[in-house]
Amino acid sequence: MKNGIRYFDLRCGWDNTTQAWRTFHLIDGNNIELLLRNITAFLNDHPKEFVVVEASHFDGDPDTGDVTELEHMILDIFGDLLIE
């Protein structure tokens, strides 16, 4: 992010094995919770910066509860940093 990346297209994949959300671009990628926490840390360290995070796709056959969990995770991790 220090080099100017400010838009994240998170294609979310539910990993039934680990029961966790991961990025998914044809293969399983990084843990989404860890990624969101890293973005939050950057924003806290650089309060004049902003990022746009788009979460979509929801691969891996998540149920409604899994998607709701992802929504709550995003709200909890970003908290007051969110702009509506």
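In what follows, the accompanying structure is described. (Residues numbered from 1 in each chain as written. Predicted model: local features only at pLDDT ≥ 70, side-chain atom pairs only at ≥ 80, totals over all residues. Heavy atoms only, no water.)

Attention shifts here to the overall build of the chain. The helix and strand tally for the chain stands at 2 helices and 4 strands. Its helices and strands in sequence order give the chain the pattern β-β-β-α-β-α, from N to C terminus. What you see for the chain is a C-alpha radius of gyration of 13 Å, in line with the 12 Å of a compact globule of 84 residues. Projected onto its principal axes, the C-alpha positions of the chain cover 40 × 25 × 20 Å. Expressed as a percentage of its 84 residues, the buried residues of the chain come to 29%. A separation of at least 24 residues holds for 59% of the contacts in the chain among residues at least 6 apart in sequence. (Helix = DSSP H or I, 4+ residues; strand = E, 2+ residues; numbered from the N terminus. Rg over C-alpha atoms; globule rule 2.2 N^0.38 Å. Buried < 20%, exposed > 50% of the residue type's maximum accessible area, 1.4 Å probe, protein only. Contact = heavy atoms within 4.5 Å.)

The residue Asn30 is located in strand S3 (residues 28–31) in this model. Between the C-alpha atom of Asn30 and that of Gly13, which follows or precedes it by 17 residues, the distance is 10.0 Å. For Asn30, the residues in contact, after removing those within four places along its chain, are Trp21, Arg22 and Thr23.

Of the strand pairs in this sheet, strand S1 (residues 7–15) and strand S4 (residues 52–59) are connected by 6 bridges, and their pairing is parallel. Bridge pairing in S4 links Asp9 to Glu54. Linking two consecutive strands that pair antiparallel, namely S1 and strand S2 (residues 20–24), is a turn of 4 residues; a positive phi of about 55° is found at Gln19 within it. (Pairing = 2+ DSSP bridges.)

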